[in-house]
Amino acid sequence: MGVNSTTTTVKIQSEFPISMPTPPLEIHNVRLPPQRSTAQKLRQRLSDIFFPDDPLHRFKNQPSWLVKLMLGVQCLFPIFQWGPAYNLSLFRSDVISGLTIASLAIPQGISYAKLANLPPIIGLYSSFVPPLIYSLLGSSKHLGVGPVSIASLVMGSMLSETVSFTQDPMLYLKLAFTATFFAGVFQSSLGILRLGFVIDFLSKATLVGFMAGAAIIVSLQQLKGLLGITHFTSKMQIIPVLASVFKEKDEWSWQTIVLGFGFLAFLLITRHISLRKPNLFWVSAAAPLASVILSTILVFLLRNKAHGIAFIGELPKGLNPPSSNMLFFSGPYLALAIKTGIVTGILSLTEGIAVGRTFAALKNYQVDGNKEMMAIGIMNIAGSCSSCYVTTGSFSRSAVNYNAGAQTAVSNIIMASAVLVTLLFLMPLFFYTPNVVLAAIIITAVIGLIDYQAAYKLWKVDKLDFLACMCSFFGVLFISVPLGLSIAVAISVFKILLHVSRPNTLVLGNIPGTTIFHNVNQYREALRIPSFLILAVESPIYFANSTYLQERILRWIREEEEHIKANNGSKLECIILDMTAVTAIDTSGIDTLCELRKMLDKRSLQLVLANPVGSVMEKLHQSNILDSFGLKGVYLTVAEAVADISSSWKAQP
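Residues numbered from 1 in each chain as written. Predicted model: local features only at pLDDT ≥ 70, side-chain atom pairs only at ≥ 80, totals over all residues. Heavy atoms only, no water.

Draft legend 1. Main features of the sheet that holds strand β9 (residues 606-610). Pairing is mixed in the open sheet, where six strands are placed in the order β6-β5-β7-β8-β9-β10. Looking along the sheet, the strands with just one partner apiece sit at the ends: β6 (517-519) and β10 (634-635). Note that strand β8 (residues 574-578) and β9 share five bridges and pair parallel. The partner of C574 across the bridge, within β9, is Q606. (Pairing = 2+ DSSP bridges. Helix = DSSP H or I, 4+ residues; strand = E, 2+ residues; numbered from the N terminus.)

What follows is the structure in structure tokens.
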């Protein structure tokens, strides 16, 4: 039917060549959407892109500016939202969970700092200031904040490619703080500008492969500590690492090996117990600190005999020293700091938001992604000025926090308080902590990142996703961690481009006894309508896919004509394009439809459009292409198109 803004309908008798419902079928006019100005359309589009959650809805219909001001403060500082209702019962739960994650955060902080090639004390500093800031700005009740393994690994590998942390430790430390600053600026900018969709380019499939590859590299790097090797490669590829392990066999220390593998077995057993029985979560949570305490005592007692066991040594006491004077914004290494900051910022942001949303879903509350970006970004900016490196929400700490019964972000404050006590009074106790135990703690923490079940599921569900997973996995193992991440992003972007430039087109048939048309390959009972070829396009029609769609539609027509000729069927006379899934069209797409109609006209074939959505219909109308389609060129449904065109053929003499 033609384009009309009225509600007029025409009743006709539908007589399909196959079994169809017998009641008369109403043929509806396809309407244009309500007319809007360009400014209104732009405003709506920008709102949909940047404000899908309508963050200002709480301010609507508020009685006074004071209420709006209070809502604004709560929006910026979520602690003012739940703080007034805070009570002693909640505090008791938060104290227990905070102390529990502190027992995990202290040894992990020291271990992850060494993973980033930083002094161990930096890991403790990073477990003090960032959690305090997050407790004020973050929207998650269960996120345990601190250093994480993947960001530590990536920072260590990217910086050490250019600067040696042994030959120039001060420059390396400055680079780490500067990279953390830029990570925070990048993260908070994404939140302020509401550009969180940028991190969505790291698909879950590529992250599964990246995390697994990074976990293996991290674990192999810890063989240096487990075997007591002094001279070890700084490269992060699997072949150089394994070669270095066996090349330096003369440096292997049997005391270190016995101690290391003994505590590694202990940590893995406690992890297994907690996985099998979630109620015993505290077993694996307390195991790292217990290992540090026991191994420190053991090394202290055997200090005169076990000379082959390396230990941390002296750690400075006191609060985080300011480090804003160590940030630099010029010089030859600025590009390296910015690049490292952006890469580690993306990774830590992806992990933090994913972890926060996971535990929010378990407790049926919502985590605001943009607030999380700003909170994580600001705490990293503040951290870079207080001797901290990149931090985010850790899955292991958050899982312990959740299982320990955390109720609010106060658990992070309790954890930071425990770290503060450690920094002020307990630093001398870590003097004899062996490096080998820190290596065992890191291996135990990252081994959970190898999710073989997720990889198997990818293989079963989507082979292209599995390919992306394997490419990022092997890229990390055999090339490098940063390039592995780049491969992961490139594959994700390629997959998007593939779906956009090569969309699905389907042949539809009628489900007998209904007015429903569906894919003939999916529904074997769906029957093709003689003289009709009904095609569905399952994507917007853009410049990137318009030529492909034209070629694919012409191929469908050729194959249909060959099928008809081989089976002596009815001559093909009409092609119907089901536009239900075509959510948008641009000028290239409109030109393609116009060219396709002209080509089919020369072959005495009619092209009909069915169910174009509002925005598509509006553009078709504005381009005047609908005039060339005529009165019987656009229909509301496929069923109405078939019924009306079939009836018009029968009415012809």
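On we go.
Draft legend 2. Spatial organisation of the state of the cysteines. Across all of its chains, the model carries zero disulfides by this definition. Cysteine C385 remains unbridged, with the sulfur of C388 as its closest cysteine sulfur at 9.7 Å. Take C594: it sits in no disulfide, and the sulfur closest to it among the cysteines is that of C574, at 17 Å. Residue C594 is classed as partly exposed on the basis of its relative accessible area, which comes to 23%. (Disulfide = S-S within 2.5 Å. Buried < 20%, exposed > 50% of the residue type's maximum accessible area, 1.4 Å probe, protein only.)

Draft legend 3. Expanded view of the pattern of salt bridges. Using the criterion set out here, one finds seven salt bridges in the structure. Note that E561 and R603 form a salt bridge whose closest N and O atoms lie 3.1 Å from each other. With E561 in helix α22 (residues 546-566) and R603 in the loop between α23 (587-602) and β9, the pair connects residues that are 42 residues apart, well separated along the chain. Judged by relative accessible area, which is 30%, E561 ranks as partly exposed. The class for R603 is partly exposed, based on a relative accessible area of 40%. Through salt bridges with shared partners, a single ionic network connects D462, D465 and K495. (Salt bridge = Lys/Arg side-chain N within 4 Å of Asp/Glu carboxyl O.)

Draft legend 4. Just helix α20 (residues 463-478), in detail. Between its terminal C-alpha atoms α20 stretches 22 Å, which fits the 22 Å expected from 16 residues at 1.5 Å a residue. Those residues of α20 not exposed but buried are D465, F466, A468, C469, S472, F473, G475, V476 and L477. In this structure, the buried residues of α20 make contact with α9 (204-221), α11 (238-247), α19 (452-461) and α21 (481-501). If you check the start of α20, you find a side-chain oxygen 3.0 Å away from the backbone N of L464, and it comes from D462. (Expected span 1.5 Å × (residues − 1). Contact = heavy atoms within 4.5 Å. Polar contact = N/O pair within 3.5 Å; in protein donor to acceptor, adjacent residues only side chain to side chain.)

Draft legend 5. Spotlight on unusual backbone geometry. For N364, which is not glycine, the phi dihedral falls at a positive 60°. Within the secondary structure, N364 is located in the loop between α14 (334-362) and α15 (369-384). Owing to a relative accessible area of 73%, N364 belongs among the exposed residues under this scheme. With phi around 60°, S604 is a residue other than glycine that occupies positive phi space. Structurally, the position occupied by S604 is in the loop between α23 and β9.

Draft legend 6. Up close: the pairing of strand β5 (residues 505-510). Of all the six residues making up β5, six are buried; the element is thus mostly covered by neighbouring parts of the structure. Of the two faces of β5, both are covered, the one formed by T505, V507 and G509 as well as the one formed by L506, L508 and N510. The pairing of β5 with strand β7 (residues 532-537) spans three bridges and is antiparallel. Following the sheet pairing, T505 is matched in β7 by V537. Of the pairings in the sheet, the one linking β5 to β6 comprises three bridges and is antiparallel in character.

Draft legend 7. Spotlight on the packing of aromatic side chains. Tallied over the entire structure, the rule returns 17 aromatic pairs. Each ring, one from F181 and one from F182, has its centre 5.6 Å from the other, and the planes form 80°; the classification is edge-to-face. In this pair, the class of F181 matches that of F182, namely buried. Between F300 and Y432, the aromatic rings sit 5.4 Å apart at their centres with planes inclined by 65°, giving edge-to-face as the arrangement. Taken as a pair, F300 in helix α13 (residues 281-301) and Y432 in the loop between α17 (410-426) and α18 (435-446) lie far apart in primary sequence, 132 residues in all. Owing to a relative accessible area of 38%, F300 belongs among the partly exposed residues under this scheme. (Phe/Tyr/Trp six-rings, centres within 6.5 Å; stacked < 30°, edge-to-face > 60°.)

Draft legend 8. Focus on the packing of helix α8 (residues 169-192) against α15. Viewed as axis vectors pointing N to C, α8 and α15 meet at an angle of 155°, and their least axial separation amounts to 7 Å. On the basis of the axis angle, α8 is roughly antiparallel to α15. Every pair of crossing elements has a handedness; the one defined by α8 and α15 is left-handed. Contacts between α8 and α15 involve F177, T180, F181, G184, V185, Q187, S188, L190, G191 and I192 from the first element and N370, M373, M374, I376, G377, I378, N380, I381 and S384 from the second. In the contact of α8 with α15, the residues fall into 10 nonpolar, nine polar and no charged. (Axes fitted to C-alpha atoms, helices over the stretch in contact; angles between N-to-C directions. Parallel < 35°, antiparallel > 145°, perpendicular 65-115°, else oblique. Left-handed = near helix turned anticlockwise from the far one by under 90°. Nonpolar A, V, L, I, M, F, W, Y, C, P; charged D, E, K, R; others polar.)

Draft legend 9. Looking closely at the packing of α14 against helix α16 (residues 395-403). It is the contact of α14 with α16, at a shortest axis distance of 10 Å, that shows an interaxial angle of 20°. With respect to their mutual orientation, α14 and α16 come out roughly parallel. When you trace α14 past α16, the crossing you get is right-handed. Taking contact as the criterion, the partners of E351, V355, F359 and L362 in α14 are, on α16, F395, S398, A399 and Y402. Of the residues contributing to the contact of α14 with α16, the split by class is six nonpolar, one polar and one charged.

Draft legend 10. Broad picture of the environment of L458. Structurally, the position occupied by L458 is in helix α19. When the C-alpha atoms of L458 and K204 are compared, they prove to be 9.8 Å apart, with 254 residues separating the residues in sequence. With near-sequence residues (within four places) excluded, L458 lies in contact with A205, K463, D465, F466 and C469.

Draft legend 11. Structural context of α15. The terminal C-alpha atoms of α15 lie 22 Å apart, and with 16 residues this matches the ideal 22 Å at 1.5 Å per residue to within 8%. Among the 16 residues of α15, 12 are classified as buried, and the element is accordingly described as predominantly covered. For α15, every residue scored as buried is listed here: G369, N370, K371, E372, M373, A375, I376, G377, M379, N380, G383 and S384. On its buried face, α15 is in contact with α2 (65-76), α6 (129-137), β3 (144-146), α8, α14 and β4 (392-394). The N-cap residue of α15 is D368: its side-chain oxygen and the backbone nitrogen of N370 are 3.0 Å apart.

Draft legend 12. Up close: the environment of R36. Counting through the fold element by element, R36 comes out in the loop between β2 (25-28) and α1 (38-50). Overall, R36 belongs to the partly exposed group, its relative accessible area being 39%. In contact with R36, other than residues within four places in its own chain, are K41 and Q44.

Draft legend 13. Representation of the confidence of the model for the protein chain within the structure. For the protein chain, mean pLDDT is 86; residues scoring 70 or higher make up 95% of the total. The low-confidence segment residues 1-22, where pLDDT is below 50, has 65 contacts with residues more than four positions distant or belonging to other chains. (pLDDT = per-residue confidence, 0-100.)

Draft legend 14. Molecular detail of the pairing of β9. With four of five residues buried, β9 is to be regarded as a mostly interior element. Examined bridge by bridge, β9 and β10 share two bridges and lie parallel to one another. Its bridge partner lying in β10, L609 is registered against V634.

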